[in-house]
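# Residue-level structural notes
Letter by letter, the chains look like this.
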Amino acid sequence: MAVHHGGKVGSAARKLASKRTNKSTKSKAGKTLSNHKARYHK
């Protein structure tokens, strides 16, 4: 599968990777990523 940069999932990954994001933002981003993983990376 192709790697896409940008969009909802990409920005969620960047938020999780950055040290400056707060906890609620991180949890939202984590939810987005885990939903994406569950849907597309079985």
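First, a word on what this report is: a plain description of the structure on this page. (Residues numbered from 1 in each chain as written. Predicted model: local features only at pLDDT ≥ 70, side-chain atom pairs only at ≥ 80, totals over all residues. Heavy atoms only, no water.)

Turning next to the overall build of the protein. Looking only at helices and strands, one finds two helices and zero strands in the protein. Across the 42 residues that make up the protein, the buried fraction comes to 7%. Approximately 3900 Å² of the protein is accessible, and the part contributed by carbon and sulfur atoms is 56%. (Helix = DSSP H or I, 4+ residues; strand = E, 2+ residues; numbered from the N terminus. Buried < 20%, exposed > 50% of the residue type's maximum accessible area, 1.4 Å probe, protein only. Areas by Shrake-Rupley, 256 points an atom, 1.4 Å probe, with all protein chains shown as cover.)

Where helix α1 (residues 7-17) meets helix α2 (residues 23-40), the axes come as close as 8 Å, and the angle between the chain directions of the two elements is 135 degrees. Compared by their axis directions, α1 and α2 come out oblique. The chirality of how α1 crosses α2 is left-handed. Together, K8, V9, A12, A13, K15 and L16 of α1 and T25, K26, A29, G30, T32, L33 and H36 of α2 make up the contact between the two elements. (Axes fitted to C-alpha atoms, helices over the stretch in contact; angles between N-to-C directions. Parallel < 35°, antiparallel > 145°, perpendicular 65-115°, else oblique. Left-handed = near helix turned anticlockwise from the far one by under 90°. Contact = heavy atoms within 4.5 Å.)

A cluster of basic residues, R14, K15, K28 and K31, forms a positive patch on the protein surface. Of all the secondary-structure elements, those providing two or more residues to the positive patch are α1 and α2. Assignment of secondary structure puts K31 in helix α2. Judged by its relative accessible area of 55%, K31 falls in the exposed class. (Patch = residues over 30% accessible without salt bridge, like charges linked within 9 Å, V, L, I, M, F, W, Y side chains within 5 Å. Salt bridge = Lys/Arg side-chain N within 4 Å of Asp/Glu carboxyl O. Lys, Arg positive; Asp, Glu negative; His and termini not counted. Charge placed at Lys NZ, Arg CZ, Asp CG, Glu CD.)

Note that all results are geometric; they support no functional claim without further evidence.
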